[in-house]
Amino acid sequence: MNWPEQMEDEAPGTRFLLYPQSPFLESNAVPELVEISAPPGSIGPGPAGPRMYTVDPVGKTTPYGANVQGPHGPHMYLPPWDGYIQPPPSPDEDGNFIHVQPGDPGFEAAHLFGSAHFTMDVWEGYFGRPIPWHFARDFDRLELSLLPSLDNAHIGWGFLETGGTHEHGNEYRPYSLNFDVVAHEIGHAIIYSVIGMPSTEDASGEYYGFHESAADMVALLASLHFGSVVDDLLRNTRGNLYTFNRLNRFAELSENAQIRTAANDKVLSEFAGGWSSEHDLSEPLTGAMFDIFVDIYHERLLLHGLISAEEEDLSDKLEDSPDYNEVMQNIFDARYEQNPEGFRIALLEARDYLGTYLADTWEKLDADMLSYFGVEKALLAVDQEITGGAFRNIIEGNFRMREIGLTTAGPRLPEADENSHANSVRTKIPN
């Protein structure tokens with residue numbers, strides 16, 4: 001297996017301060033010190049490195065990917081930005097960026113860069129190889145761009161551009177400071193690189209639903225590489241991951257507004273008659289993956305003697321019952337109190353099993369042939385290769401529970417709107 005912890009034994013990297021969760025969720029959010037793989041001294045002002053660079057443009061109003069008129073007719077607006085920029089943050093004398101603090105003019109740029117690079121580091125660890133950019137034909141580096149007028153964050157041909165939201169009164173909340181949002185967009189880039197883009201414009205709905213699910217899993221597992229996320233998660237749930245918690249909420253903008261939920265009860269038959277949003281369509285697959293993650297976690301708890309076979313069996317039996325939390329929380333409270341460190345180790349093991357499984361699974365998929373059932377078959381093949389089929393029953397059981405393999409998604413119902421990846425700058429390729 002390709003364990004990202006191997007990076008801990010290598011030479012030191014460049015340090016950044018990152019918020020593991022949206023800083024707008026709590027009044028006194030504190031960023032965490034992280035280390036990206038780039039050696040000190042290799043990241044210059046911007047920040048800018050060999051794989052990506054950040055710009056904070058002055059006077060830019062048009063988002064990348066838009067069709068603009070040029071001297072030779074309309075063309076796709078792409079990097080690099082060649083206008084004025086805000087003064088970029090520079091590394092300190094040791095090559096780090098931890099002196100760039102929240103509230104400093106360059107903190108958004110540093111946070112965007114650190115979040116994108118950190119996510120790539122985690123997933124290149126799972127893949128066991130560098131992941132080339134899907135736009136490498138035209139660009140060697142990804143431009144990370146700040147565009148406050150953009151009410152979105154999107155990745156495209158050579159760029160990852162982040163705006164923000166004004167949905168909360170007059171307060172501007174930049175997506176550059178939301179790790180989940182940035183990691184999700186990097187997830188799309190990883191999938192485009194590994195699986196490719198469909199050769200025709202009429203790709204199956206399950207391709208687009210898979211894209212959203214995979215990007216969510218990239219963000220979820222990357223967030224579990226923050227020590228504070230793991231510590232808070234276990235302290236708040238006492239190891240009972242089916243409790244509604246921060247792990248299974250994505251792109252949180254407030255305590256009562258999240259975009260998607262990983263721990264959901266969606267089944268694929270709900271979309272057999274058709275679908276209108278790939279975000280909604282992704283939920284059966286994301287839910288299956290989250291349940292597989294929790295089941296592997298329970299298997300690791302059992303293996304380490306942290307819960308009994310009877311308790312694990314009871315958890316499975318009560319999974320869909322309204323009595324689950326009342327019964328199981330008391331058990332987890334008692335068990336966690338006996339060995340908190342053991343629970344942490346089991347959680348990290350489950351995280352890395354699933355990360356490696358997903359990376360190996362995605363390597364086996366093809367954009368033109370993609371289906372949720374095909375994802376299951378590839379995942380089972382990976383399980384057989386790595387463990388001899390140790391998690392076969394877990395994988396099959398959770399996919400059947402989501403009715404994957406029993407039905408398929410129907411056609412798209414309305415025409416794709418601007419929020420659809422099928423009709424967005426994410427999938428546009430210049431001639």
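For the structure, check the block above.
Rules used throughout
Residues numbered from 1 in each chain as written. Predicted model: local features only at pLDDT ≥ 70, side-chain atom pairs only at ≥ 80, totals over all residues. Heavy atoms only, no water. Helix = DSSP H or I, 4+ residues; strand = E, 2+ residues; numbered from the N terminus. Expected span 1.5 Å × (residues − 1). Phe/Tyr/Trp six-rings, centres within 6.5 Å; stacked < 30°, edge-to-face > 60°. Lys NZ or Arg CZ within 6 Å of the ring centre and 35° of its normal. Pairing = 2+ DSSP bridges. Axes fitted to C-alpha atoms, helices over the stretch in contact; angles between N-to-C directions. Contact = heavy atoms within 4.5 Å. Salt bridge = Lys/Arg side-chain N within 4 Å of Asp/Glu carboxyl O. Buried < 20%, exposed > 50% of the residue type's maximum accessible area, 1.4 Å probe, protein only.

A.B. asks: Lay out helix H2 (residues 179-195) in plain terms, naming residues and giving numbers.
C.D. replies: When the terminal C-alpha atoms of H2 are compared, their 24 Å separation across 17 residues agrees well with the 24 Å that a helix rising 1.5 Å per residue should span. Once H2 finishes, Gly196 follows within two positions and takes phi at roughly 95°, a positive value.

A.B. asks: Could you give me a rundown of the packing of aromatic side chains, with the residues and numbers involved?
C.D. replies: If you walk through the whole model with that rule in mind, you get 21 aromatic pairs. Both rings, one in Phe118 and one in Phe179, keep their centres 6.1 Å apart while their planes meet at 65°; by these two values the pair is edge-to-face. Residue Phe118 is found in helix H1 (residues 107-127), and its partner Phe179 is found in helix H2; the two are separated by 61 residues along the sequence. By way of ring pairs, the aromatic residues Trp123, Tyr126, Phe127, Phe210 and Trp362 are connected into one cluster. Sitting over the face of the ring of Trp133, Arg51 holds its NZ or CZ atom 4.7 Å from the ring centroid. One Lys or Arg, Lys60, reaches over the ring of Tyr64 and ends 3.9 Å from the middle of that ring.

A.B. asks: Can you explain the sheet that holds strand E7 (residues 153-156)? Please cite residues and give values.
C.D. replies: If you walk across this open sheet you meet the 4 strands as E3-E6-E8-E7, and the pairing is mixed. This sheet does not close on itself; its edge strands, each paired only once, are strand E3 (52-55) and E7. Looking at each pair of strands side by side, their axes are set apart by 15° on average, direction ignored. Most of the contacts of H1 go to E3, to which it runs at about 160°, and overall it touches E3, strand E6 (142-146) and strand E8 (159-162). Strands E6, E7 and E8 of the sheet are contacted by H2, whose axis makes an angle of about 20° with E7.

A.B. asks: Can you lay out the pattern of salt bridges for me, pointing to particular residues and giving the numbers?
C.D. replies: Tallied over the full model, the rule gives 17 salt bridges. Residues Glu385 and Lys364 are paired through a salt bridge, measuring 2.9 Å at the closest nitrogen-oxygen approach. Of this pair, Glu385 sits in helix H10 (residues 372-387) while Lys364 sits in the loop between helix H9 (340-363) and H10, placing them 21 residues apart in sequence.

A.B. asks: Account for the pairing of E7, with residues named and values stated.
C.D. replies: Where a strand is regular, its side chains alternate between the two sheet faces. Taking every second residue as pointing to the same face, both faces of E7 are buried, with Ala153 and Ile155 on one and His154 and Gly156 on the other. The sheet contact formed by E7 and E8 spans 4 bridges and is antiparallel. Considered in E8, the bridge of Gly156 is made with Phe159. Between the antiparallel neighbours E7 and E8 lie 2 residues, among them Gly158 with a positive phi of about 95°.

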